[in-house]
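As a plain string of letters, each chain reads:
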There are 2 protein chains.
Amino acid sequence: MKVILLSGGSGKRLWPLSNNSRSKQFLRLLAAPDGSKESMIQRVVRQLEAAGVAADGIVVATGAGQHDAVSNQLGPDVNIVTEPTRRRTFPAIALACASLAAEGTPLSEPVIVMPCDTYASDAYFAAIGSMHRAVEEGVADIVLMGVRPTFPTTKYGYIVPRTMPWRNNAAAVERFIEKPDVDQARELLYEGALWNGGVFAFRLGYMMDLLARYIPDTSFANVRARYSELPEISFDYEVVERCSSLAVVPYYGEWRDLGTWNTLTDELTEPAAGNVILDSCTDTCVINELEIPMVCIGAKDMVIAASPDGIIVSERKQSEKIKHLVKELDKRPMYEERRWGIYKVIESVEFPDGFCALTKQLTLNPGCALSYQRHSSRDEVWTFINGEGEIVLDGERKPVKRGDVITIPKGCLHTLRANTSLTFIEVQQGTNLIEEDIERFDYEW
Amino acid sequence: MKVILLSGGSGKRLWPLSNNSRSKQFLRLLAAPDGSKESMIQRVVRQLEAAGVAADGIVVATGAGQHDAVSNQLGPDVNIVTEPTRRRTFPAIALACASLAAEGTPLSEPVIVMPCDTYASDAYFAAIGSMHRAVEEGVADIVLMGVRPTFPTTKYGYIVPRTMPWRNNAAAVERFIEKPDVDQARELLYEGALWNGGVFAFRLGYMMDLLARYIPDTSFANVRARYSELPEISFDYEVVERCSSLAVVPYYGEWRDLGTWNTLTDELTEPAAGNVILDSCTDTCVINELEIPMVCIGAKDMVIAASPDGIIVSERKQSEKIKHLVKELDKRPMYEERRWGIYKVIESVEFPDGFCALTKQLTLNPGCALSYQRHSSRDEVWTFINGEGEIVLDGERKPVKRGDVITIPKGCLHTLRANTSLTFIEVQQGTNLIEEDIERFDYEW
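What comes next concerns the included structure.

About the criteria used
Residues numbered from 1 in each chain as written. Chains lettered and ligands numbered in written order. Predicted model: local features only at pLDDT ≥ 70, side-chain atom pairs only at ≥ 80, totals over all residues. Heavy atoms only, no water. Disulfide = S-S within 2.5 Å. Helix = DSSP H or I, 4+ residues; strand = E, 2+ residues; numbered from the N terminus. Buried < 20%, exposed > 50% of the residue type's maximum accessible area, 1.4 Å probe, protein only. Salt bridge = Lys/Arg side-chain N within 4 Å of Asp/Glu carboxyl O. Least-squares fit on C-alpha atoms with pLDDT ≥ 70 in both. Contact = heavy atoms within 4.5 Å.

### So, the state of the cysteines
Tallying each qualifying case throughout the model produces zero disulfides over all chains. There is no disulfide at Cys116(A), and the cysteine sulfur nearest it, in Cys97(A), is 17 Å away.

Here's what the structure looks like:
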């Protein structure tokens, strides 16, 4: 069995800890069994491995913006399939399947597609094992996970199972209803309907057939090149709703989306993280990722979080509003985890004449290197404050270490490699300081 | 009449907006009549001028750490007397008096001593005028301001006036009781006692006589040189309690110390200042001096403030606790206003081997210069991002402008002057990065 983990999301609902490059599934806030902290995606992978359902391998389907975060969190060996552009779940799953086929996965092999940010008990992963066996035994073309509903929400799709017969914990699907109104939802609950948990199982060949209707040559390179020809549509609408052979495996355990402050803070085991002093606070969760201290006195039932992107102070119940409020704040991320390490923006200023300066602190991990790059509209000054490495400036290579100052004028090709953990302060200057002002080239170290 | 304004205080009670160099009286948070914002010290000076009691000049008595803040806020023409070390109010007032005498102020001239951070109505300044006249007419050696008490607090001194006779709105003082217990305070209220408002009036010569008991040569230079010989004691204990000729002028208007979050926020006319989004907040005051956005949702009856020094989120009623909580946070100030401009610390990092790097953004005001200085244990890299000026490195002078990068190794004598507003990023590196690692020299521009 192969597992495709879908990793997407813009993460506005957990602002300021999440941003476009650091979605909620990457926040290391949950208590891991060994006492350390783990993220949602790390937790799901750990649970998949513990349940023995990931033995044949995991593929993470994601966008280019999340590639480095996935690889940093799951290790360099994880298989990542990067969409050329973001086009919803049907194209993303099709591309990941093309990648599995290209690697030699047999078309008869069951594939599980699942979200990377569900907070569920171990029984959830046992249910995934049942889905796998149901596909293997040909119960249906597509096997869904049906989660026992707890209230008549209009946010999910509903699956009405046939009551008989059950094979391998799976029942045939009578009907599939996407996001009903609340009256319909209430009736569906009486009928014994289940929520669509967003977990799908099918044989690899089933999906490759569907893909071939849009792109007959289903080789990975060709699908990737012609990715924009795939319809921008969800897997539910494109595949599940049109499929006549559907079965469902029910799951009756804990199942939560920790995608809002209100739901996430329920799972945090400590009231405060970071440089925080709490005094007389109740039912309050404080996360401070800034280095400056935060003092909270007498807060009741609140969520308080600070990161280089901003600060939220919210009553818990109302914290979902953040999603809409931060639409007004569509700024560059001030903190990113990249494949080579991390950076944070420590200061940004625009002068009356439109000239800008942006100061970052960057740390490269040992053995990692930046791409060989140049910028067309900014100069950079790098002051090395820790570690050792090598810099290349227009082809000329030389060592750098703590105390060195390097000036990189616009147009100069440059790259940097860390021998030890290497930290420097970068001052960017110019009139258009955007991450996109970068041309990348190959460099043979 | 001369006015001596006492400017002191460490400002822990308004943390994080105030710090040791930016005490509460310098926070520009109050609404000025012209619609702009003014600080407590600016408000007091404006009111003194409007009442016509400052016509003969104001002297600000303060410590070296506040010299630049006073001069930035009150303008370059203000007369500042800086104590060589901080030694409480008796020595500070004595030094300021020596300075007045040295300038040629007649010994018969009435002098008013007052705090710089009282929030009071115009009637308060009219009462000061009455105190002046009472001294002029010889009603007593020392004339105090008596504020009408509103509750039996143990925090103030109490003045019991004789009921008759009154001359120039002044009554003789029957008794003077410093910080009574609460039962005593209650009785004092029945007796018609008044709070000691911390405003004193006397003839210059009276104070010079007292000073001469400790330092017979009362020339300003000599008093300043022998400042440490003056007793470290308050004016109340050293002078008022021992004086047999005391009178009091009552003041019945508004009189408040805006020195805590709880009292200060009552006077703020807007619920939010800075980069703040408020949603559904009630009775909440938010001040964000950071550049990153702050979003507050559903906060009730809170004080929320952020500065480069830290962040407070507190229920209003409990906000006085901050004074004790921040004792644990005795860090360097992250933001200071100096005579030459401002700086803020934008990043500070210590590596496992004890080596530190501290990154600042500094802006020099046009025409201003740093002292000619050198550091014994840090190197500095300056990247100029705006403006033009001149730099001197070991005696060699040259122009600097946006884009220039200057390296200043330890031991190198350096100074900088701004021709226009001049902004640069400074990266300090070394093992002991403290403001005190500085030797200052003279430089003739």
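### So, unusual backbone geometry
All names here are of chain A. With an omega of 10 degrees, the peptide bond between Trp15 and Pro16 qualifies as cis. Looking at where Pro16 falls in the secondary structure, it is placed in the loop between strand S1 (2–7) and strand S2 (30–31). A positive phi is found at Arg88, a non-glycine position, where the angle reads about 70 degrees. Along the chain, the position of Arg88 falls in the loop between strand S5 (79–83) and helix H3 (89–102). Of note in this structure, Asp283 is not a glycine but carries a positive phi near 45 degrees. Relative to the assigned elements, Asp283 resides in the loop between strand S15 (276–279) and strand S16 (285–288). A relative accessible area of 58% means that Asp283 is categorised as exposed.

### Describing the pattern of salt bridges
Taken as a whole and judged by the stated rule, the model has 62 salt bridges over all chains. Asp183(A) serves as the salt-bridge partner of Arg186(A), at 3.4 Å between the closest nitrogen and oxygen. Taken together, the positions of Arg186(A) and Asp183(A), both in helix H5 (residues 182–190) and three residues apart, correspond to about one turn of that helix. Notably, a salt bridge pairs Glu83(B) with Arg86(B), separated by 2.8 Å at the nearest N-O pair. Since its relative accessible area comes to 44%, Arg86(B) is described here as partly exposed. Connected via shared salt-bridge partners are Arg13(A), Lys24(A), Asp117(A) and Asp257(A).

### A look at the relation of the copies chain A and chain B
The two chain copies are connected by a rotation around an axis plus a translation along it. Aligned on chain B, chain A shows an RMSD of 0.1 Å; the corresponding rotation is 180 degrees and the shift along the axis is 0.0 Å. Classification of the inter-copy transformation places it as that of a two-fold axis. Nearest to the rotation axis, the C-alpha of Ile346(A) is located 3.0 Å from it, this being the minimum over chain A. A high fraction, 100%, of the interface residues of chain A reappear at the interface in chain B, so the copies pair face to face through one surface.

By themselves these figures say nothing about function.
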